[in-house]
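Residue-level listing of the chains:
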Amino acid sequence: MRARHEFRGMRTVEHFFRVPLDHSAPSSEAITVFAREYVSAAHSEEKAAQLPWLLFLQGGPGGRGNRLGSLGGWSKAAAKDFRILMLDQRGTGLSSPIDRNSLPLRGRAAEQAAYLEHFRADSIVADAELIREALGSGPWTIYGQSYGGFCALTYLSFAPEGLREVLVTGGLAPLAGPADDVYRATFQRVAARNAEYFSWYPEDRTTVERIARHLRSTPEFLPDGSPLTVERFQMVGAFLGGNTRVDSLHYLLEDAFTETQEGRALSDTFLDQVQGIVSRRSNPLYALMHESIYGQGEATGWSAWRVLAEYPEFRPDAEPLLLTGEMVYPWYFEQDPALRPLREVADLVAAKPDWKQLYDMRQLAANTVPVAAAVYSDDIYVDRKLSLETASAVQGLQVWETADFHHDGIADDGEGIFARLLDMVRSGGR
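Conventions we followed
- For every chain, the first residue of the written sequence is number 1, and numbering continues from 1 onward in sequence order.
- Thresholds applied to this predicted model are a pLDDT of at least 70 for local features of residues and 80 or more for the giving and counting of side-chain atom pairs; totals over whole chains, interfaces and linings are not thresholded and use all residues.
- For side-chain calculations, the full set of non-hydrogen atoms in the structure is used, while hydrogens and water are omitted.
- Numbering of helices and strands starts at the N terminus; helices are DSSP runs of H or I of at least 4 residues and strands are runs of E of at least 2.
- Here's how the labels work: a residue is buried when its accessible area is under 20% of the maximum for its type, exposed when over 50%, partly exposed in between, all with a 1.4 Å probe on protein chains only.
- We call two strands paired when DSSP finds no fewer than two bridges between them.
- Looking down the strands as they point away from the viewer, one classifies a crossover as right-handed if the path from the first strand across the helix to the second runs clockwise.
- For the purposes of this description, domain bounds are those given by an automatic or database domain assignment.
- By definition, residues are in contact when any of their heavy atoms lie within 4.5 Å.
- Defined in terms of a 1.4 Å probe, buried area is the accessible area two parts forfeit on being brought together, summed over both.
- What counts as a salt bridge is simple: a side-chain nitrogen of Lys or Arg found within 4 Å of a carboxyl oxygen of Asp or Glu.
- Any N or O atom pair separated by 3.5 Å or less is treated as a polar contact, with the protein-specific requirement of one donor-capable and one acceptor-capable atom, and with residues adjacent in sequence counted only for side-chain atom pairs.

- The name an unreviewed UniProt entry assigns to the protein is Prolyl aminopeptidase 2, from the organism Pseudarthrobacter phenanthrenivorans.

**Examining unusual backbone geometry**
Point 1. The step from Gly60 to Pro61 runs through a cis peptide bond, and the omega angle for that step is 5°.
Point 2. Along the polypeptide, Pro61 turns up in the loop between β4 (53-57) and α2 (74-78).
Point 3. Here the bond from Gly177 into Pro178 is cis, since omega is 0°, no more than 30 degrees from zero.
Point 4. Of note in the backbone geometry, Ser96 takes a positive phi value of approximately 30° without being a glycine.
Point 5. Within the secondary structure, Ser96 sits in the loop between β5 (83-88) and α3 (109-116).

**Details of the pairing of strand β7 (residues 163-169)**
Point 1. Of all seven residues making up β7, six are buried, and the element is well covered by its neighbours.
Point 2. The pairing of strand β6 (residues 140-145) with β7 spans six bridges and is classified as parallel. Residue pairing in the sheet places Trp140 in a bridge with Leu163 of β7.
Point 3. On the question of chirality, the crossover connecting β6 to the parallel β7 by way of helix α5 (residues 147-158) is right-handed.

**Brief notes about the domain arrangement of the protein**
Point 1. Looking at the protein, the domain boundaries give domain 1 (3-176 + 359-428) and domain 2 (179-351).
Point 2. Between the C-alpha centres of domain 1 and domain 2 the distance comes to 27 Å.
Point 3. Counting from both sides, the interface comprises 39 residues of domain 1 and, opposite them, 38 residues of domain 2.
Point 4. With both chains or domains summed, domain 1 and domain 2 bury close to 3,100 Å², and 63% of this area falls on carbon and sulfur atoms.
Point 5. For domain 1, the biggest contributors to the area lost against domain 2 are Arg100, Ile380 and Tyr381; these three give 25% of the whole.
Point 6. For the pair domain 1 and domain 2, the number of links is one salt bridge.
Point 7. Notably, a salt bridge pairs Asp383 with Arg189, separated by 2.6 Å at the nearest N-O pair.
Point 8. Connecting domain 1 to domain 2 are 13 residue pairs in polar contact (both at pLDDT 80 or more).
Point 9. Put simply, the parts of the chain that give the side of domain 1 that touches domain 2 at least two residues each are α3, α5, α16 (384-393) and α17 (409-427).

Here's what the structure looks like:
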């Protein structure tokens, strides 16, 4: 039975699908993929049943579909004309999830790594096509944010017949390796974003140095009992990737310290918030598979960790200390309790020498599906130059480049961004 609910101006329907773990062997083991349908209650049920589908592919890898409490931003705009399908990409949310408890059920590290090979964009796209057919939909519209845009390019490569039109925000992936090129570009952008942030909040430059010096001399522990090291503290730079979140970094830092009987220490408020940023307990697939999204026929080999050596200003002993972006390092699997059981399999994933190609360059060059993409000029996660190179390789792809937003642009003006991209694909850019 599919659960149905109506609240706050929308109706939802829960969908569960059985799909092959390995789409090249359809009769082999099956896994579950979950998706939730959102429809505006302004539409009658009869009218809603006639609306075309829009599949939303969220960022990640390893992020479950958004849980909407109401229609707002881009979803409010989309719900005027679409039935929205919010996918829990395989391995996330209610879709046969992967975590430190479930993954070891696959066997030893080698078996776990082999299992994870089936959790990249090619498999996500194959799932989507089976789901589209199960729903009885013709070619549908897809909206890809960040990693969802990477998946959209894979969709255009291998199943364009399933697509009516494609919208992408902050997610034009590099179409070829090596992964090192990505991190060389993004380290530079993160450094520039640090400088910009500290020009706005010069007092936070002092606070960051105080925290770093404190952590070098005094053990501090997060609520889960794991140590807060300087390198883990640098991960709060995740805030730098946003329009709507960047100023929240200041609020995090402003009450970092408190007085105790033993002297000055980091506050419980600060430590609790930092744990929510640095822990991968709720999305271990992100740490396990992040670099694999750049794997194209070769091992990524802990690329960000290697490239870091070229940027000593990001070292945890550097002064002044710089905050980092979305890079994943081997020590995550030593310092994060949720990842420690997965260290061996993470090394195997990093060393895999023969990742499948995620994009078909010939198909993209001959593309006929309308595509519009928002490219954010100062995006610290998806580099502008690499994005524009990708755009030039996809026939007919229209780019809207803007410096008004950062990576989380759709959280800032999702309604306006969605409407602009939809108009671009419908009007041919006129």
